[in-house]
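For reference, the chains in residue letters:
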Amino acid sequence: MAVILSANRSTKVKLLAMHGNGSNSTITELQLSNLDLVMPKFQFVYLNGPTPVDEPGIGLEGLGSGPWYSWFNSQQEGDIRLNTLCDAVYYILKSVEQEGPFDGVYGFSQGALVANLANNLYKDRALQSALMSRFGESIRLIMPKGPLFNIAIFACAASSTPLSELRAKLGLLPVPSFPDYQSIHLIGREDPYKPWSESFVHTFEPSRTTVLYLSGGHEINYPLQEQGKVSDLIYQSLKEGISQTHTDSIQEPTWTKSSELSSRAITKNLQFADVKLNLEGLPETLHQLLATPPKEAPLFRLAREQNADMFTSYGEMLQFCSPGGGGDLRKLGVQKGDVVAYVAPIGGNATAACAFLSIAAQACAVPFSSTLSESDALQALEQFNVKHLVMFTDVTAPGIKAAFDKYALRVMSKVHLHYAERSDKHSPGLFSYLHTSTDFALLPPLSNEPAAHCLLLRTSGTTSLPKVVPLRQRDLVLNGALLADSMGLNADDVTYSVMPLDHIGGLSASILCSVAVGATITCDGIYQPEAMAKALSLSNPRPTWYSSVPTIHNGTVRYLLDNAEAYLDQAGRWQGHNLRMIRSGAADLKEADRKLLTSIFGCQIVTTYSMSEQMPISQPARTEGSWLQKPGAVGVPITASLAIVDSTSLRPLPFGSEGEVAISGETVFTGYQDNQDANNSSRFLLKSPHSGLFETWFLTGDLGEMDHNGTLTLKGRLKELIKRGGRTNRTS
């Protein structure tokens, strides 16, 4: 049996300290010192685990000398591993009997797992039975009737096996209910076991649980930059846990309407906004979305077209992507879940919109820009694991074609190249596939489930490989409806589609939000200032709104100013359009540019915030026929809860502080595809001050500040900051 090492300190708080796998008490003392948990506030009793091991654990080489210990051998199987685990729990019981009582326990990694098992033993009938089988009835004399410790600090809690799976393998079922003690969970931001630590948090009662994130990985072996803050937070939680006075300060939310479907509640002292959505009865699939408006209602029109009778209706579009329709992917041999890439005409083209809606309704769509280089296209084909590629006969994309030829030779599974031909202008957007199967009707109909991924996009990677963003059909459809609601769109609106439809901005903020309310979409090709001005003034009917980026806004304004005699009146206003609003997103619209845009168009300019992972995030709150626009801001959270958090501890910041923007909600994407590192670094647990429950949050990488109304002002990107000498400096 290993020796118990006692530290002779006269302190207020007495803790039992337990190391991790392949470690010892010397390492534990170093960790606690780095956390600033030292005299005079604390007294520790350090335990070395009962199982000697030959080598130090990962990352401990050179940090100290042996001997090394573990609490149980994770590589052992069945009864042998159960016996070593029972030995570890028995060892803790005897240590508490000899050295206790203790106020709390500190456990690192494997030590955290064993500490929890021992502290919750009074509830754990399965583990009690295993201990009695191992040590006999006499163990009842030291079996606890309640928690051994009032509070526990779990640092980088981990095991090689998920906790539920470990208990099942060891026969320790059923799992006991939530522990009745206070717990503090220290989780490394870069710890490969971070998901394990976070899943461990969910086995505790949220009201008795505190989560603190630390910089670094599966280690606490260096002085932390904000050591004092962490120490103070831990000490405060320890005092509350020991005195059993800890209570979460749950705030009763006061809900304010942001739009008809979205409300927000702002925490009193922190930059934290909860969002409540009213989604009852809304469509969750593209087929449902297309089937809601009247069949004869116009969907797609062509920009600058004078003939108001020339359009593709909602009914025609629904038929096109339904079984037996012209866009039925069974004709191409597409099967459920296949990834189908397509190269449609550039711009806000009707064919690109039709291709997206029809493919995403049946399979997983990947829109490609025709300008992709061969190397970028090959990388994308491989990242997306594309099974089918659709190219249009009148769209030139030599880089993609060359890349697909190489891709087809590389992959082991069979991939397919298909061609499509656009219909005449009397049916905007519709097309027909060439060389199709004749017996496709015998195959099961294709229709995506709401939870299925129906769109894959890539982040704008520069030096590194772009991340793949998979979007579920339900999230896309509902976010489109929420965007339409926050913009006040209705079936009488006419959308001008000018944004490229290979990005989320065009797909969601032009197409999906319009379809969500049965609006008409006037589609254009590649952006040209003169063509846009004529589209807004000559199309029949004329557009009532559009969504775009500052580059397009500013380019159009310059064209109008350069041709003021033809377009502007004496007051400098353009009267020849029918726009009632303009939505701006994807990049910062400078306040001077917004004012100029407003003065020329004479309508409201709505500045917003979104990203591929969540579209939209924020927009100005809407009142009857207007928006509460704050200069330089991007509105209030619309689709997801939003918090401004410290970039290290990930705790919400008080008002007046700049921090990283984080979001959480039921329509937020669920994680990057095949990129565990990116998911670990961008996702974390945060407790809502309103509900007291832990939710998973996503770090956007953007810096911002929220006011007491929930209005967000963006300050830049996190990677643009350089920290020097404790000061934060923004790079140019």
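Throughout what follows, the structure given in this document is the object of discussion. The structure presented is a predicted model; accordingly, all values stated were derived computationally and were not measured. (Residues numbered from 1 in each chain as written. Predicted model: local features only at pLDDT ≥ 70, side-chain atom pairs only at ≥ 80, totals over all residues. Heavy atoms only, no water.)

A word on helix α15 (residues 529-538)
Stage number 1. Considered for burial, the residues of α15 that qualify are Ala531, Met532, Ala533, Ala535 and Leu536.
Stage number 2. Against β22 (494-497), β24 (545-548), α16 (550-562), α17 (564-567) and α18 (591-601) lie the buried residues of α15. (Buried < 20%, exposed > 50% of the residue type's maximum accessible area, 1.4 Å probe, protein only. Helix = DSSP H or I, 4+ residues; strand = E, 2+ residues; numbered from the N terminus. Contact = heavy atoms within 4.5 Å.)

Notes on the pattern of salt bridges
Stage number 1. Applying the stated criterion to the full structure yields 24 salt bridges.
Stage number 2. Notably, a salt bridge pairs Arg304 with Asp524, separated by 2.8 Å at the nearest N-O pair. Taken as a pair, Arg304 in the loop between β13 (298-302) and β14 (312-313) and Asp524 in the loop between β23 (520-523) and α15 lie far apart in primary sequence, 220 residues in all.
Stage number 3. Asp702 is the salt-bridge partner of Arg717, the closest N and O atoms lying 2.9 Å from each other. Pair noted here: Arg717 is in strand β36 (residues 712-717) and Asp702 is in strand β35 (residues 694-706), with a separation of 15 residues, a long-range link.
Stage number 4. Take Asp702: its relative accessible area is 10%, and that puts it in the buried class. (Salt bridge = Lys/Arg side-chain N within 4 Å of Asp/Glu carboxyl O.)

Examining the nonpolar core
Stage number 1. In this structure, Phe300, Leu357, Phe368 and Leu455 are the most contacted members of the largest nonpolar core, which totals 105 residues.
Stage number 2. Here this core gets nine residues from one element, more than from any other, and that element is helix α10 (residues 350-360).
Stage number 3. If sequence neighbours within four positions are ignored, Leu357 has contacts with Leu286, Leu290, Phe300, Met317, Ile511, Leu512 and Val515.
Stage number 4. Judged by nonpolar contacts, the second largest core, of 45 residues, contains Val89, Val96, Leu113 and Leu163. (Core = buried A, V, L, I, M, F, W, Y, C linked by side-chain atoms within 4.5 Å.)

A short note on the packing of aromatic side chains
Stage number 1. Following the criterion strictly, the structure yields 24 aromatic pairs and no others.
Stage number 2. Their ring planes at 55 degrees and their centres at 6.2 Å tell us that Phe404 and Tyr407 sit as a pair that is tilted. Residue Phe404 and its partner Tyr407 are located together in helix α12 (residues 398-410), separated by three residues, close to a single helical turn.
Stage number 3. Taking relative accessible area as the criterion, Phe404 reaches 5% and is therefore assigned buried.
Stage number 4. Here the aromatic rings of Phe669 and Phe698 are separated by 5.1 Å at their centres, their planes lie at 85 degrees, and the arrangement is edge-to-face. Within this pair, whereas Phe669 is found in the loop between β33 (659-664) and α19 (676-682), its partner Phe698 is found in strand β35, the two being separated by 29 residues in sequence.
Stage number 5. Linked through ring pairs, Phe154, Tyr181, Trp196, Phe200 and Phe204 together constitute an aromatic cluster.
Stage number 6. Positioned above the aromatic ring of Tyr672 is the side chain of Lys467, whose terminal nitrogen or guanidinium carbon lies 5.3 Å from the ring centre.
Stage number 7. The side chain of Arg683 reaches across the aromatic face of Phe669, ending 5.4 Å from its centre. (Phe/Tyr/Trp six-rings, centres within 6.5 Å; stacked < 30°, edge-to-face > 60°. Lys NZ or Arg CZ within 6 Å of the ring centre and 35° of its normal.)

Here we look at unusual backbone geometry
Stage number 1. In this structure, Pro67 follows Gly66 across a cis peptide bond, with omega equal to 5 degrees.
Stage number 2. Tracing the sequence through the fold places Pro67 in the loop between β4 (51-53) and β5 (68-70).
Stage number 3. With an omega dihedral of 0 degrees, the bond running from Met615 to Pro616 counts as a cis peptide bond.
Stage number 4. Relative to the elements of secondary structure, Pro616 occurs in strand β28 (residues 614-619).
Stage number 5. With a phi close to 65 degrees, Asp36 is a non-glycine residue in the positive phi region.
Stage number 6. Within the secondary structure, Asp36 is located in the loop between α1 (25-34) and β3 (42-47).

Considerations on the sheet that holds strand β25 (residues 581-584)
Stage number 1. Ordered by their spatial adjacency, seven strands build an open sheet running β14-β13-β23-β22-β24-β25-β26, and the pairing between neighbours is mixed. Looking at the sheet topology across the chains shown, the edges are occupied by β14 and β26 (604-607).
Stage number 2. Two elements, β13 and β14, share two bridges in a ladder whose sense is antiparallel. Its bridge partner being in β14, Phe300 is matched across the sheet by Thr312.
Stage number 3. Sheet strands in contact with helix α14 (residues 504-517) are β13, β22, β23, β24 and β25, and its direction is about 140 degrees off that of β24. (Pairing = 2+ DSSP bridges. Axes fitted to C-alpha atoms, helices over the stretch in contact; angles between N-to-C directions.)

A short note on the packing of α16 against α18
Stage number 1. Where α16 contacts α18, the two axes come as close as 11 Å, and the packing angle between them is 50 degrees. Taken together, the axes of α16 and α18 are oblique relative to one another. Seen from above, α16 lies across α18 with left-handed handedness. Between α16 and α18, the contacting residues are His553, Asn554, Thr556, Val557, Leu560 and Leu561 on the first element and Asp593, Leu596, Leu597, Ile600 and Phe601 on the second.
Stage number 2. Its residues placed into classes, the contact of α16 with α18 shows seven nonpolar, three polar and one charged. (Parallel < 35°, antiparallel > 145°, perpendicular 65-115°, else oblique. Left-handed = near helix turned anticlockwise from the far one by under 90°. Nonpolar A, V, L, I, M, F, W, Y, C, P; charged D, E, K, R; others polar.)

Considering α1
Stage number 1. Turning to α1, its buried residues number three or more, namely Ser25, Ile27, Thr28, Gln31, Leu32 and Asn34.
Stage number 2. The backbone nitrogen of Thr26 has a side-chain oxygen 3.1 Å away, supplied by the residue at the start of α1, namely Asn24. (Polar contact = N/O pair within 3.5 Å; in protein donor to acceptor, adjacent residues only side chain to side chain.)

Some thoughts on the side chain of Thr544
Stage number 1. Inspection of the secondary structure assignment puts Thr544 in the loop between α15 and β24.
Stage number 2. Since its relative accessible area comes to 10%, Thr544 is described here as buried.
Stage number 3. One polar contact links Thr544 to Asp493, side chain to side chain, over a distance of 2.6 Å.
Stage number 4. With residues near it in sequence (within four places) discarded, Thr544 still touches Asp493, Val494, Asn578, Leu579, Arg580 and Met581.

With respect to the pairing of β3
Stage number 1. Among the six residues of β3, six are classified as buried, and the element is accordingly described as predominantly covered.
Stage number 2. Both faces of β3 are covered, namely the face carrying Phe42, Phe44 and Tyr46 and the face carrying Gln43, Val45 and Leu47.
Stage number 3. Pairing analysis gives six bridges linking strand β2 (residues 13-18) to β3, with the strands arranged parallel. Looking at the pairing, Ala17 lines up with Tyr46 of β3.
Stage number 4. The handedness of the β2 to β3 crossover, carried by α1, is right-handed. (Right-handed = clockwise from strand over helix to strand, strands pointing away.)

Any link to function would need more than the numbers given here.
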